[in-house]
Structure formats: structure tokens, C-alpha cells
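Now for the letters of each chain:
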Amino acid sequence: MRIVDLRSDTITRPTPAMRRAMAEAEVGDDVFGEDPTVRQLEEMAAEQLGKEAALFVASGTMGNLVSLLVHCGRGDEFILGDQSHTFFYEQGGSAGLGGIHPRTVPNQPDGTMALHHIETAIRPDDIHFPRSRLIAVENTHTRCYGSPLDVDYMQVVGQIARRYEMKVHVDGARIFNAASALGVEARDLVAEADSVTFCLSKGLGAPVGSVVCGTRDFIGEARRVRKMLGGGMRQVGVLAAGGIVALTQMLDRLADDHANAQKLAEGLADIDGLSIDPERVKTNIVYLEVTPCGTTWQLLPEQLSSEGVRLLAAGPNRLRAVTHYHITSDDIEYALGVFREVLG
Ligand SMILES: *Cc1c(COP(=O)(O)O)cnc(C)c1O
């Protein structure tokens, strides 16, 4: 059976070029700082994001946690969106492992936090209050339709942070999707950020890993924290090699994923039983609502799956589809056909 797997861009398998690079990678003990392939990846990532230094970590979750642990101490507070990945999907690690207090403000439909909400959440110096240390921004914003947050917004958040002597962390798991969609460089989106994490293992297709970027001092501390979390890995150049191929070969093609997501959204908009606004789809993430019809949002994924089209239920009435490297324009047509058949 033909399979069109739209559950997530994390399902991407390494490209042939990645597998070759991984097999042939020059390696050393990275805890001793002796893995040349890891060092090369870290230099490339720092350069791409316009930061002094970078650190290869096991996952986006680890990258965010390491960053939070460096920026904030126990009892400190950080401000983040109530729909953010860090708040929703990272097991409350900031509190569980760092004693760091999350202060959520609403994410707007476009993934931003209203500036006045951020400012009113910042605590004055008062013995009753935790200290506000950090503002965390997600770009693209996964739960908000994969919205890219633009350069102006990112700059203003940075200005607010500096006014209150706070730091900015960007959860840029899909920052290159944002850059592609907005037609800017990723480094311009994070110019005001003290730290940024991005994932190699999503749309960029590498099998494992994320990178944290920041100042040399910040990365020095992040390296210590990564070791404390058990994330000091040895001949990890075999993984970093896939990341190097991701950064050299996989950035330009993200626009194809966005075009396929747009095509999917436009096709779905014409199908009875579904509600979707294609204009909200700006990157590779598509959300659709199931309206009252012969099926439900709980049943539909299974019905589609029995015809080879896979996507995820994402909460009341909502399904999620994500385009990626293995999805072609032809696959989108096939998926639309299956939707029509199941809902027809
Ligand atoms: C996937 C994702 C993460 C976490 O990455 P993992 O590698 O799955 O731990 C963090 N933030 C966002 C926005 C993500 O999409």
C-alpha cells in the first residue's frame, strides 16, 4: 500500500548523502573536545545563526532545557507562550530539573505573545516575587499553525528584554522554515536573542540532534550543563556528520515543503466535513478542523490510515498534517483523493 506519512517532519530518514557522511565521519572523544566533525558542525551552526559559538545536543528538548538552566537559577521565572512546545511537551523540565518557574502569557493565533502581555508579566523588584530572567519565543510556532514570527517582532522582544535586563531564548526548532517562509536569513531572526536552539532532526532530515547557539561564555556554561544532564557523548561525529549535510544540502528545499503544505490546505478547504483557512498556512504545518459530518476527529485518522494516509489528532476537532522531505506534490494529490473518498 502507498503510504503518505504526514504525522510529523521528525519521521524523515537520513538522505543517502547523510548516510555516506555518517559512515565516513572522522571522529574523536567529544567530551575531550576532540571530535573534528562535531566541531565543524558547531562552527557551521554558529556561523549560520550569527552567534559566537554552538553546542551539539541530543534533542530540541535538551537544547531548550540546557539554555534555561544556564539563563535561570532556582526560583527564577521565565516568560513563555501558553501554546509553546516548552510549556506543552517538555514534561515541565524547567521546573522538574531546574526549579525554574514558568510564567505563561497567551499565544496569539500567529504564534506571537502580545507585547503588552509580556511587559505586564515582568515582575518588579519585590521580595514577594520571583525574579523575571528570560523571555522564551518559539519560531516557527508549532501549535499556532507553524507560524513564522518576523524580524520586527523578534527585535522588539529583544528590546523589551534588554530594557528589563532580561535574556531572550528562541526555541527555533524550525527556525530555517521561518527564514525560508519570510525570505530572510535565520541569523536576522535571532540577532537579538541570547540563545537559540534549532533541530537538525525535523525538516532538515538528519536522524538525530539539535544545536544550541549563543555567546562563547554562554556555550561554555551550556557545555557544563549538558554534561550534568548526561548529554556528553563520545565519538558523536557519526551523528554530527548527518547534521553537516543537513545544513549544507537541506535548507533550500524547505520551500518545497511549504508549497506542498499550501497545496494540501487548498485542496482540503474544498472538501465537505473539513474546515481550514489556507491563508494561515505559512510553513510546513497544516491544521484542519473536522466539522459535523459522517465521522469525527477521533475516527478520521484511523480511516485515513487504512488507506495509507497518516496524520495526527491534535485535540478537540483538530488534526495536524506536516509536510517534509519524503512528501512529494504527487503524494499530496493522493492524500487529497483519500480524504475525498473517506469523507465522500
Ligand atoms: C520538536 C520541537 C522541540 C523538541 O525537539 P525534540 O528533538 O523532539 O526534543 C522543541 N520545540 C519545538 C517548537 C519543537 O517543534
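Residues numbered from 1 in each chain as written. Predicted model: local features only at pLDDT ≥ 70, side-chain atom pairs only at ≥ 80, totals over all residues. Heavy atoms only, no water.

Draft legend 1. Looking closely at the sheet that holds strand β9 (residues 274-275). One open sheet holds the four strands; their spatial order is β9-β10-β13-β12, and the pairing between them is antiparallel. Unpaired on one side and paired on the other, β9 and β12 (312-313) mark the two borders of the sheet. Summarising the sheet, β9 and strand β10 (residues 285-290) pair through two bridges and their orientation is antiparallel. Counterpart to Ser275 in the pairing with β10 is Glu289. Together, β9, β10 and β13 (318-322) form the strand contacts of helix α12 (residues 254-269), whose direction differs from that of β10 by roughly 15°. (Pairing = 2+ DSSP bridges. Helix = DSSP H or I, 4+ residues; strand = E, 2+ residues; numbered from the N terminus. Contact = heavy atoms within 4.5 Å. Axes fitted to C-alpha atoms, helices over the stretch in contact; angles between N-to-C directions.)

Draft legend 2. Spotlight on helix α10 (residues 216-228). Taking 1.5 Å of rise per residue, 13 residues should cover 18 Å, and α10 covers 19 Å from first to last C-alpha, within 8% of that figure. In this structure, the buried side of α10 is in contact with α2 (36-49), β2 (53-57), α3 (60-71), β7 (195-199) and β8 (210-214). Where α10 ends, the next residue or the one after it, Gly230, has phi of about 85°, a positive value. (Expected span 1.5 Å × (residues − 1).)

Draft legend 3. Spatial organisation of the sheet that holds β2. Read across the sheet, seven strands follow the order β2-β8-β7-β6-β5-β3-β4 without closing on themselves; strand pairing throughout is mixed. The open sheet has two edge strands, β2 and β4 (101-105), and neither has a second partner. If you compare each strand with its neighbour and ignore which way they point, the axes differ by 20° on average. Judged from the five bridges that link them, β2 and β8 form a sheet pairing that is antiparallel. Paired with Leu55 across the strands is Val212, a residue of β8. With respect to the sheet, α10 is in contact with β2, β7 and β8, its orientation differing from that of β2 by roughly 20°.

Draft legend 4. Structural view of the domain arrangement of the chain. Split into domains, the chain comes out as domain 1 (11-249) and domain 2 (253-343). Counting residues at the interface gives 19 residues for domain 1, matched by 17 residues for domain 2. Carbon and sulfur atoms supply 55% of the area that domain 1 and domain 2 bury against each other, a total of about 1800 Å² over both sides. Considering only the side of domain 1, the residues that lose the most area to domain 2 are Arg143, Tyr145 and Asn177, jointly responsible for 38% of the buried surface there. Our count for the contact surface shared by domain 1 and domain 2 stands at zero salt bridges. Counting across the interface, domain 1 meets domain 2 through seven residue pairs in polar contact (both at pLDDT 80 or more). Looking at the side of domain 1 that touches domain 2 element by element, the count peaks at four residues for helix α8 (residues 175-182). When its residues are assigned to classes, the side of domain 1 that touches domain 2 shows eight nonpolar, eight polar and three charged. (Domains from an automatic or database assignment. Buried area = accessible area lost by both parts, 1.4 Å probe. Salt bridge = Lys/Arg side-chain N within 4 Å of Asp/Glu carboxyl O. Polar contact = N/O pair within 3.5 Å; in protein donor to acceptor, adjacent residues only side chain to side chain. Nonpolar A, V, L, I, M, F, W, Y, C, P; charged D, E, K, R; others polar.)

Draft legend 5. Highlighting the packing of α12 against helix α14 (residues 329-343). The geometry of α12 relative to α14 is characterised by a closest axis approach of 10 Å and an angle of 20° between their N-to-C directions. Taken together, the axes of α12 and α14 are roughly parallel relative to one another. In this structure, α12 meets α14 at a crossing whose hand is right-handed. Residues Asn260, Lys263, Leu264, Gly267 and Leu268 of α12 lie in contact with α14, whose contacting residues are Ser329, Ile332, Glu333, Leu336 and Phe339. Looking at side-chain class alone, the contact of α12 with α14 contains five nonpolar, three polar and two charged residues. (Parallel < 35°, antiparallel > 145°, perpendicular 65-115°, else oblique. Left-handed = near helix turned anticlockwise from the far one by under 90°.)

Draft legend 6. Structural view of the pairing of β13. By the criterion of burial, β13 is predominantly enclosed, with five of the five residues buried. Residues Arg318, Arg320 and Val322 point to one face of β13 and Leu319 and Ala321 to the other, with burial holding for every one of them. Sheet topology places β10 next to β13; five bridges connect them, and they run antiparallel. For Leu288, the partnering residue across the bridge sits in β13 and is Leu319. (Buried < 20%, exposed > 50% of the residue type's maximum accessible area, 1.4 Å probe, protein only.)

Draft legend 7. Fine view of the nonpolar core. If you look at the biggest cluster of nonpolar residues, it comprises 52 residues, and the most contacted ones within it are Phe176, Phe198, Leu200 and Leu247. Among the nonpolar cores identified, the runner-up in size contains 31 residues, and Tyr287, Trp297, Ile332 and Leu343 belong to it. (Core = buried A, V, L, I, M, F, W, Y, C linked by side-chain atoms within 4.5 Å.)

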